[in-house]
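Chains, contacts and geometry: an overview
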Amino acid sequence: MKQELQEKIVSLIEKQIPEIKDFKTKIKLDIPKEEKFGDLSLNAAFLLAKALKKKPFEVANQIKEILEKEDIFENIEVVGGFVNFRLSLKFYFEILKQAIEEKDEYGKAKTKDKGTINVEFVSANPTGPLHLGHGRGAVVGNVLSNLYDYYGYFVEREFYINDAGKQIRKLGESIYARFRQIEDPSYPFPEDGYHGEYIKEIAQHLYKYEREKILSMVDEEQAIDFCAEFGKEMLLERIKEDLKSFGVEFDIWFSEKSLYTSGKVDEAIQFLKEKGYVYEKEGAVWLRTTEFGDDKDRVLIKSDGSYTYFAGDIAYHYDKFKRGYDFIVNVWGADHHGYFPRLKAAVMAFGVPEDWIRVLFIQLVKLFKNGKEVKMSKRSGEFITLKDLIEEVGKDAVIYFFLSKDSNTHLNFDIDLALKKSNENPVYYVQYAHARISSVFREAKERLGIDIENLEEVNLNLLKEEIERQIMKNIAFLPDQIKEIAIKEQPHRITQLTYELAAKLHNYYYNYKFLNEEDIELTKARLYLLKAVRNALRTLFKLMGITPVEKM
RNA sequence: GCGCCCGUAGCUCAGCUGGAUAGAGCAACGGACUUCUAAUCCGUAGGUCGGAGGUUCGAAUCCUCCCGGGCGCACCA
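Residues numbered from 1 in each chain as written. Chains lettered and ligands numbered in written order. Predicted model: local features only at pLDDT ≥ 70, side-chain atom pairs only at ≥ 80, totals over all residues. Heavy atoms only, no water.

What follows deals with the domain arrangement of chain A. As far as domains go, chain A holds domain 1 (2-87), domain 2 (93-109 + 422-544) and domain 3 (121-261 + 363-419). For domain 1 versus domain 2, the distance between C-alpha centres works out to 30 Å. Taken together, the contacts link 12 residues of domain 1 with eight residues of domain 2. Counting each side, the surface lost to burial between domain 1 and domain 2 is near 840 Å², with a carbon and sulfur contribution of 44%. If you sort the residues of domain 1 by the area they bury against domain 2, K2, I31 and E35 come out on top, with a joint share of 56%. (Domains from an automatic or database assignment. Contact = heavy atoms within 4.5 Å. Buried area = accessible area lost by both parts, 1.4 Å probe.)

What follows is the structure, given as structure tokens:
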């Protein structure tokens, strides 16, 4: 909406001040922080002042005169060099109508014509339960996907399963050792094995159902492989369950191992070789990543003939490249940031532009208990899992908390605070706003017989209060703001949009009475506005994966 | 040593890629329930935006240097 308005305004000005076309990219139509500056604010006069050799104030007044003839503006004021507009109620009424018709997808793109993209996130090793960092990545990746979907992209969500390599081997050894220890407590546990209780559980499960089979294996290696495979599958199932309870579902589960068994690694290396970026040195095969900004070249095939992890990752991204996405997004833990330049270089060697691959880094989640930091590590097995946390505080609170901070900053998670389930968690604030509206609707039906589903003829001109106007404005520009945070990849800002709208609703609720049997017309108009607010809230909740509760 | 990220109220954090008097929540203090749910609302107090320069009509935001904290610099995965 803002975009359309801006284009309209610029084209109107252009008829009289053609110089404006030189500043089109710098012109901003802003929503001012303060109400007294109107609904929208235009900075064009500052930009034009120099070119026209006039003062910003004079140019602003000129713009004011041009735009005053339009009926979508109720009032235009010049303050300093800013041109501030107030939009007409007529304009807002159209918006409310739209919000009501589009339900919980208010403002969402009707078609997926922006393109097709892939978002890869979580991608945890199937060697243990998900921890809090994974949870943060899951929320950020999922919401980012939802935002792109809202914006008009066809989005595929993908989980890359690291089911090859040493980690899995270690998993197998750990499970096997626990398995043997059931009968022989002195059986040695691998030094750097996984210590968590879940390993024992898996071992006990195997002992119960597969004891004979495992013990009959002549080769211990075979038994370890078996344990690894079994454990991996079991843990992967748990990961899937945890994510599902979190409202996160993937379209594609991509196995790293499949790359090796299907020959895709060789295929990718061959492709790069033909492009001339592969060479041999000191018995190893290298990729010339320095060609694309990496600070040194990287090994693909080690001198012992085995592939590096990097080679596998290249094959994986070569696969994505061939799928033909417009661009891809990877959500990674921040400790991998040093890895990005080389992967980007490899991907660019395929022949895609630099921004084809994007990475969102998720900084560490630090857990605090009793005011002290709790160190988490998979190796010691001493950590609070995502599942524990969701069970204790509920998925909505966890989602909202993980989402409310910029993913690129460290997050301190105070477990005591979260467990309190108190109003200190702002998720209750926004949910309460929705619950209050629902409550009003229930009362409207019971007391006044007004069915919220049949609000056809309402006189919106009765909505004269300043707060009502503010709410309409908030709803009107919400889709613009959602789209903006989508393209800027700032999913955390959605919590603020939600909070702002909820705050206005609470203010409105406290200061005005909606149900008034003496004035049914006004009641209906207000219910109509409330319905638009409810839909806007539901739209935001849906993007975040939070439940719109009817009662609290 | 090199690279990336962070530094904003007592605490946890926003600040929309340069806009107007830097904002929220929690904590503190003072008010508002005979009402459609007080998990709410209204108000008070709290700041050298880590520091110093620079760019310009205008800087928390962009550039340079410095100071703190985190992370990363493999023929590991």
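On we go from here.
Another point: the packing of aromatic side chains. Inspection of the entire model under this criterion finds 37 aromatic pairs. Measuring from ring centre to ring centre gives 5.9 Å for Y260 and Y307, while their planes differ by 35 degrees; the resulting arrangement is tilted. One end of the pair, Y260, is in helix α9 (residues 256-261); the other, Y307, is in the loop between β10 (298-301) and α11 (309-323), and 47 residues separate them in sequence. Residues F310 and Y339 carry aromatic rings whose centres are separated by 6.1 Å and whose planes lie at 85 degrees to one another, so their mutual orientation is edge-to-face. Of this pair, F310 sits in helix α11 while Y339 sits in the loop between β11 (327-333) and α12 (340-350), and the two are 29 residues apart along the sequence. Comparing F310 with Y339 shows no difference in burial state: the two are buried. Through a chain of ring-to-ring contacts, the aromatic side chains of Y309, F310, W332, Y339, F340 and F361 assemble into a single cluster. (Phe/Tyr/Trp six-rings, centres within 6.5 Å; stacked < 30°, edge-to-face > 60°. Helix = DSSP H or I, 4+ residues; strand = E, 2+ residues; numbered from the N terminus. Buried < 20%, exposed > 50% of the residue type's maximum accessible area, 1.4 Å probe, protein only.)

What follows covers the pairing of strand β6 (residues 153-161). Most of β6 sits inside the fold, with eight of its nine residues counted as buried. Two strands pair when backbone bridges link them, and strand β5 (residues 115-120) and β6 are joined in this way by six bridges, in the parallel orientation. Across the sheet, the residue bridging to N118 is E156, located in β6. Considered for its hand, the β-α-β crossover made up of β5, helix α5 (residues 132-151) and β6 is right-handed. Of the pairings in the sheet, the one linking β6 to strand β7 (residues 252-255) comprises four bridges and is parallel in character. When the sheet's bridge partners are listed, E158 is paired in β7 with I252. (Pairing = 2+ DSSP bridges. Right-handed = clockwise from strand over helix to strand, strands pointing away.)

Among the nonpolar cores identified, the biggest contains 167 residues, and L42, I63, F85, F246, F402, I475 and L527 are the most heavily contacted of them. Ranked by residue count, the leading element in this core is helix α19 (residues 520-544), at 13 residues. Each residue touching L42, except ones within four places of it in the same chain, is listed here: I9, I13, I27, K28, L29, I63, G81, F82, V83 and F85. One finds Y187, Y198, I202 and I224 within the second-largest nonpolar core, a separate group that totals 20 residues. (Core = buried A, V, L, I, M, F, W, Y, C linked by side-chain atoms within 4.5 Å.)

So, about the packing of helix α18 (residues 493-511) against α19. Orientation of α18 relative to α19, taken along the N-to-C sense of each, is 155 degrees, at an axis distance of 10 Å. The orientation of α18 with respect to α19, classified from their angle, is roughly antiparallel. Helix-helix and strand crossings are classified by hand; for α18 and α19 the assignment is left-handed. Residues I494, T495, L497, T498, L501, A502, L505 and Y508 of α18 form the contact with α19, whose own contacting residues are R526, L529, L530, V533, A536, L537, L540, F541, L543 and M544. A breakdown of the residues in the contact of α18 with α19 according to their chemical character gives 15 nonpolar, two polar and one charged. (Axes fitted to C-alpha atoms, helices over the stretch in contact; angles between N-to-C directions. Parallel < 35°, antiparallel > 145°, perpendicular 65-115°, else oblique. Left-handed = near helix turned anticlockwise from the far one by under 90°. Nonpolar A, V, L, I, M, F, W, Y, C, P; charged D, E, K, R; others polar.)

In this section: the packing of helix α13 (residues 386-393) against helix α14 (residues 395-403). The geometry of α13 relative to α14 is characterised by a closest axis approach of 7 Å and an angle of 115 degrees between their N-to-C directions. Residues L386, L389, I390 and V393 of α13 form the contact with α14, whose participating residues are K395, A397, V398 and F402. For the contact of α13 with α14, the class distribution of residues is seven nonpolar, no polar and one charged.

Taken together, 62 residues sit near RNA strand B, with Y432, S439, E484, Q496 and Y512 positioned nearest. Near-protein atoms of RNA strand B (within 4 Å) split between backbone and bases, with sugar and phosphate holding 64%. Here a base nitrogen of RNA strand B and a side-chain polar atom of S41 are 2.4 Å apart. With respect to RNA strand B, the side chain of Q363 contributes an N or O atom lying 3.2 Å from a sugar or linking oxygen. Looking at the surface near RNA strand B, the elements that each hand over two or more residues are α2 (44-52), β4 (82-87), α6 (166-183), β9 (284-287), β15 (411-414), α16 (427-448) and α18. Counting residues per element, the surface near RNA strand B draws most heavily on α16, at nine residues. Partitioning the surface near RNA strand B into residue classes produces 23 nonpolar, 19 polar and 20 charged. (Near = heavy atom within 4 Å. Polar contact = N/O pair within 3.5 Å; in protein donor to acceptor, adjacent residues only side chain to side chain.)

Okay, the confidence of the model for chain A next. When the pLDDT values of chain A are averaged, the result is 90; 97% of them are 70 or greater. If you check the scores for this complex, the pTM reads 0.94 and the ipTM reads 0.93. (pLDDT = per-residue confidence, 0-100.)

It is worth spelling out the pairing of strand β3 (residues 73-79) at this point. Strand direction decides the pairing type here: β3 and β4, joined by six bridges, are antiparallel. Considered in β4, the bridge of V78 is made with V83. Hairpin connection of β3 to β4: two residues between the antiparallel strands, including G80 at a positive phi of 65 degrees.

One open sheet accounts for five strands, arranged β7-β6-β5-β11-β12; its pairing is parallel. The open sheet has two free edges, formed respectively by β7 and β12 (357-362), since each of these has just one partner strand. This sheet shows a mean twist of 25 degrees between the axes of neighbouring strands, independent of strand direction. Here α5 sits on the sheet in contact with β5, β6, β11 and β12, set at roughly 160 degrees to β6. Of the strands in this sheet, β5, β6, β7, β11 and β12 are in contact with α11, which crosses β6 at around 155 degrees.

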